[in-house]
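Structural description and commentary
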Amino acid sequence: MDGTSFPATRTTCPYCGVGCGVLARPSGPIAGDPAHPANQGRLCSKGAALGETLDLPDRQLFPEVDGKRASWDAALDAVAEGFRTALAERGPEGVALYVSGQLLTEDYYAANKFAKGVLGTANIDSNSRLCMASAVAAHTRAWGEDVVPGCYEDIELADLVVLVGSNLAWCHPVLHQRLLAARAARPEMQIVVIDPRRTATAEGAELHLPLRPGSDVALFAALLTHLADQGHDAPDAAEAVSEARRIDAPALTGLDPALIARFCTMFAATERVVTLFSMGVNQSVAGADKANAIINCHLLTGRIGKPGAAPFSLTGQPNAMGGREVGALATMLAGHLRFSEPAEHAAVAAAWGAPALPRKPGMIATEIFAALGQGRIGALWTMATNPAVSLPGSAGVRAAMERAPLLVASDVTRASDSMVRARIRLPALSWGEKSGTVTNSERVISRQRGFLTPPGEARPDWWAIAGVAARFGRADAFGWTGPADIFREHAALTGLVPEAGRIFDISSLADLSDAAYDALAPLRWGPRRYAPARARLVPTPWRPPANMADAVHPVTLLTGRLRDQWHTMTRTGPVPRLMAQHPAPKLALHPEEAAAIGAVAQIEGQGETALVGVTADPGLPHGVGFLPMHWSDVYAPSGRSNPLVPVAVDPVSGQPELKHAPVRVSPW
Ligand code: SF4
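Please read all numbers here as calculations on a predicted model, not as lab measurements.

The rules we used
- Within every chain, residues take consecutive numbers counted from 1 along the sequence as written.
- Two thresholds apply to this predicted model, a pLDDT of at least 70 for residue-level local features and 80 or more for giving and counting side-chain atom pairs, whereas whole-chain, interface and lining totals are computed over all residues.
- Note on conventions: DSSP H or I runs of at least 4 residues are helices, E runs of at least 2 residues are strands, and numbering of each starts at the N terminus.
- To get the radius of gyration, use the C-alpha atoms; to get the globule rule, take the number of residues to the power 0.38 and multiply by 2.2 Å.
- Buried, partly exposed and exposed are defined by the number of other C-beta atoms within 10 Å of a residue's own C-beta, namely 20 or more, between the two limits, and 12 or fewer respectively, with C-beta atoms placed from the backbone.
- Residue pairs are scored as contacts if the distance between their C-beta atoms, which are placed from the backbone, is within 7 Å.
- Only the C-beta atom, placed from the backbone, is used; a residue is near a molecule or strand if that atom lies within 6 Å of it.
- Only Asp, Glu, Lys and Arg are considered charged, only Ala, Val, Leu, Ile, Met, Phe, Trp, Tyr, Cys and Pro nonpolar, and every remaining residue, Gly among them, polar.
- Domain start and stop points were drawn from an automatic or database domain assignment.
- In this scheme, strands are said to pair when DSSP sees at least two bridges between them.
- For helices, the fitted line uses only the C-alpha atoms of the stretch in contact; every axis is such a line through C-alpha atoms, and the angle between N-to-C directions lies from 0 to 180 degrees.
- Our angle categories are set so that under 35 degrees counts as roughly parallel, over 145 as roughly antiparallel, 65 to 115 as roughly perpendicular, and the remainder as oblique.
- Should the near helix be turned anticlockwise from the far one by less than a right angle, the crossing is left-handed, and should it be turned clockwise, the crossing is right-handed.
- Structurally, a nonpolar core is described as a collection of buried Ala, Val, Leu, Ile, Met, Phe, Trp, Tyr and Cys residues joined by way of C-beta atoms within 7 Å.
- By definition here, a helix of n residues has an expected span of 1.5 Å times n minus one.
- The reported arc concerns the directions from the helix axis to the C-beta atoms and nothing else.
- pLDDT measures how confident the predictor is about each residue, on a scale from 0 to 100.

**Focus: the overall build of the chain**
When you go through the chain residue by residue, the secondary structure sums to 24 helices and 24 strands. For the chain, the C-alpha radius of gyration of 24 Å lies close to 26 Å, the compact-globule estimate for 668 residues. When its C-alpha atoms are laid out on the principal axes, the chain stretches across 65 × 60 × 60 Å. In the chain, buried positions account for 60% of the 668 residues. Sequence separation of 24 or more characterises 74% of the internal contacts of the chain that already satisfy a separation of 6 or more.

Below you can see the structure in the form of structure tokens.
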């Protein structure tokens, strides 16, 4: 029997926030789902190779405690005892969960309810903090709720698409395919790319603005000023415009004034503009300001909530949005309900039977690992994430993990840099085995459906969380029999306080039957296009990047993704054809600098060193290098980028500045 004889299961790709629908079989070809609104049958190289990742090596097949195989009962007993001890010794501030945009919404919901409702701590943060926390903060400052105002169709309807800090061609390839197809059909459409590097995306653009790393606020200040001078106005615009007028865009961005003027003229002359922004905007100490500077230009011109007109944040992870929906970030409560509103707090406390529900935000990702290193956190549970590779200052993160009194890790692989440091290892389900929902960048909720038999003793994350909650005497509140139960509870929570007027209200789905949940078709929450009734332009004064090149570390090291790799390569690394594009980490430099360095470079920063091959990239300016962020101890220990990146976070969003770091590069 060949693979195509099995009926296909409709599911969703696990790699990026585009959220493509996939038709999957236990063996045989994986195909794009023509009926899914995100991709309409398309897949990128990673999605098309999903069929080669169904039998991953180094699976964690059973629980382990202190390096020894344990039963699930014994492992969950040990987790509960460790958290109980940490709570007794340090209080709710002394425990934490660090979760992931890889979790399904149901797992995310369970983790948030356990942290805030059972442990009584708000110390639950997600690796989504590294991805889009700045966009969340910007949306909330501009219109009071984390709502992305556009949909993917707007990208196709726009006459001008501006990409800021987004290498769409490599990081959200199916959206890039949709963009290029739309331009082919309507050649009058124009594309502008704003990025220090001339990326694959910039190659296909009408205009590329190679601004200095971290200077986006200055460029959008010039645009806001230009638009105001053209007569555009909006309520509350005066302060933001006057702040923008103080900023010297050519000096700060390093761009030719004529280039800035050309961009401003294009934007001002086009009604249908979509501005897509991603990690290059968000991963900055001014990430929220950058996003608000973009949003300000759309609000001033009314280019929002209309066909082909929106500022549009692209999420990196498949379910970054789902984590925002359930509130599994230290700065959120639950279901778009807020710590700061007493009625919303009381409603969640009552719904969860949680009188000790925390009243204020907890520690964000970088704070959790700093506290772990300082002994202030006694128990940490990580799920579906690899902080020993992905966090900035990752050498310090590793040391903290090794010193932790209790580190619990739930994951699929036992070989990751983080799993090997955990005292208790729990075997999680992988893509194709687990079942639940994810939400993509355009607010479309899609089902991920299991079609494979879980190997060994792997279990859903929500099931493990419920097992520990039961050991805290809360079996009543975690007695779910499957993800449909959790989804219904989550949906009901979003409608608890209708007078809060939250756009995110999916309480109409709280009565979904099991069969209807199983059959759930992709479904958008909120309006297709959101034009906020009340929005404010946020003044965004110039603040320089925290991580700047200096005399000792004269090279600015950009970090980012490769087309064919995902995160820390735990899924894509074992696939030979995905490794073929870039089989080893390489530092890209301007061709003259690459020639001067030779075949292998030593990169020094933060007291750490990386040794990598060198490649020439004419798309880079002098003094700027690019190093992919994917490599780990498993694939190239000397090629890890994030030990070189200093820890600096946006004071508004808490998002770390991961995009650029000061380093010294020398021949090896
Ligand atoms: Fe998967 Fe993203 Fe590629 Fe779509 S674009 S197939 S969601 S990795």
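**Some points on the site of the ligand**
Among the 14 residues in the neighbourhood of the ligand, the closest are listed as C13, C16, C20, C44 and G47. Elements supplying a minimum of two residues to the shell around the ligand: α1 (45–48) and α7 (173–185). Taken together, the residues that form the shell around the ligand break down as nine nonpolar, four polar and one charged. Each of domain 1 (3–53) and domain 3 (133–313) gives at least three residues to the shell around the ligand.

**A few points about the sheet that holds strand β7 (residues 124–126)**
Strands sit in the order β5-β4-β15-β14-β13-β6-β7 across an open sheet of seven strands; the sheet is mixed. The open sheet terminates on both sides in strands that have one partner only, identified here as β5 (68–69) and β7. In this structure, strand β14 (residues 406–411) lies alongside strand β15 (residues 424–427), joined through four bridges in parallel fashion. Note that in β15 the partner of S410 across the bridge is L426. The strands touched by helix α17 (residues 365–373) are β6 (95–99), β7 and β13 (379–383); relative to β6, the strand with the most contacts, the crossing angle is about 135°.

**Here we look at the packing of helix α3 (residues 105–119) against helix α20 (residues 461–471)**
With their axes 8 Å apart at the nearest point, α3 and α20 run at an angle of 20° to one another. One finds that α3 runs roughly parallel with respect to α20. Crossing of α3 over α20 shows left-handed handedness. Side by side, α3 and α20 meet where E106, D107, A110, A111, F114 and V118 of the first sit next to D461, W462, I465, A466, V468 and A469 of the second. In terms of residue class, the contact of α3 with α20 is made up of nine nonpolar, no polar and three charged.

**Describing the nonpolar core**
Judged by nonpolar contacts, the single largest core of 211 residues is most densely connected at A111, V161, L219, A221, L224, I368 and L380. Those residues in contact with L219 that lie beyond four places of it in its chain are I194, L209, L211, A249, T253 and I260.

**Points about helix α12 (residues 257–268)**
Across its 12 residues, α12 extends 16 Å between first and last C-alpha, which sits within 8% of the 16 Å expected from 1.5 Å per residue. For α12, the full list of buried residues reads I260, F263, C264 and F267. Viewed end-on, α12 has its buried residues packed into an arc of 100°, placing them on one side of the element. Facing away from the buried side of α12 by more than 90 degrees, the exposed set consists of A258 and T265.

**Description of the domain arrangement of the chain**
Accessible area lost upon the coming together of the parts serves often as the stated size of an interface. Under the domain assignment, the chain is made up of domain 1 (3–53), domain 2 (64–122 + 319–509), domain 3 (133–313) and domain 4 (555–667). For domain 1 versus domain 2, the separation of C-alpha centres amounts to 27 Å. At the interface, 14 residues of domain 1 touch 14 residues of domain 2. When residues in the side of domain 1 that touches domain 2 are grouped by element, the largest group, four residues, is from strand β1 (residues 9–12). Class assignment of the residues belonging to the side of domain 1 that touches domain 2 gives a composition of six nonpolar, six polar and two charged.

**Some thoughts on unusual backbone geometry**
Even without a glycine there, the phi angle at H336 is positive, about 65°. For H336, the position within the fold is in the loop between α15 (320–326) and α16 (342–352). Its 25 C-beta neighbours within 10 Å are what place H336 among the buried residues. The phi angle at M569 is positive, at roughly 70°, despite the residue not being glycine. Tracing the backbone shows M569 in the loop between β19 (555–560) and α23 (576–579).

**A closer look at helix α4 (residues 133–143)**
Within α4, 10 of the 11 residues are buried, which leaves it mostly tucked inside the rest of the structure. Contacts made by the buried residues of α4 are with α13 (279–282), α14 (287–301), β12 (310–313) and α15. Positioned one or two residues after α4, G144 has a phi angle of 85°, which is positive.

**With respect to the packing of α4 against α14**
A pair of packed helices is characterised by two quantities: the angle between their axes and the separation of those axes. Look at α4 against α14: their axes get within 8 Å of each other, and the N-to-C directions meet at 45°. The pairing of α4 with α14 is recorded here as oblique in orientation. For the element pair α4 and α14, the recorded crossing hand is right-handed. On α14, the residues touching S134, A135, A137, A138, R141 and A142 of α4 are G287, A288, A291, N292, I295 and L299.

**Overview of the sheet that holds β12**
Where strands meet in a sheet, backbone hydrogen bonds hold them as pairs that are either parallel or antiparallel. A sheet is described by the order of its strands in space; here five strands give the open sequence β10-β9-β8-β11-β12, paired in parallel fashion. Every interior strand has two partners, whereas the edge strands, β10 (207–209) and β12, have only one. The mean inter-strand angle of the sheet, taken between neighbouring strand axes irrespective of direction, is 15°. With respect to the sheet, α12 is in contact with β8 (160–164), β9 (190–194), β10 and β11 (273–277), its orientation differing from that of β10 by roughly 125°.

**Here's the deal with the environment of A244**
Mapping A244 onto the fold places it in helix α10 (residues 237–245). Residue A244 is classed as buried on the basis of its C-beta count, with 30 C-beta atoms lying within 10 Å. As for A244 and L224, which are separated by 20 residues in sequence, their C-alpha atoms are 6.9 Å apart. When neighbours within four sequence positions are excluded, A244 is seen to be in contact with A221, L224 and T225.

**Brief notes about the confidence of the model for the chain**
Low pLDDT means the predicted coordinates in that region are not meant to be read closely. Of all residues in the chain, 99% have pLDDT values of 70 or greater, and the mean over the chain is 96. The ipTM for the predicted assembly is 1.00, set against a pTM of 0.97.

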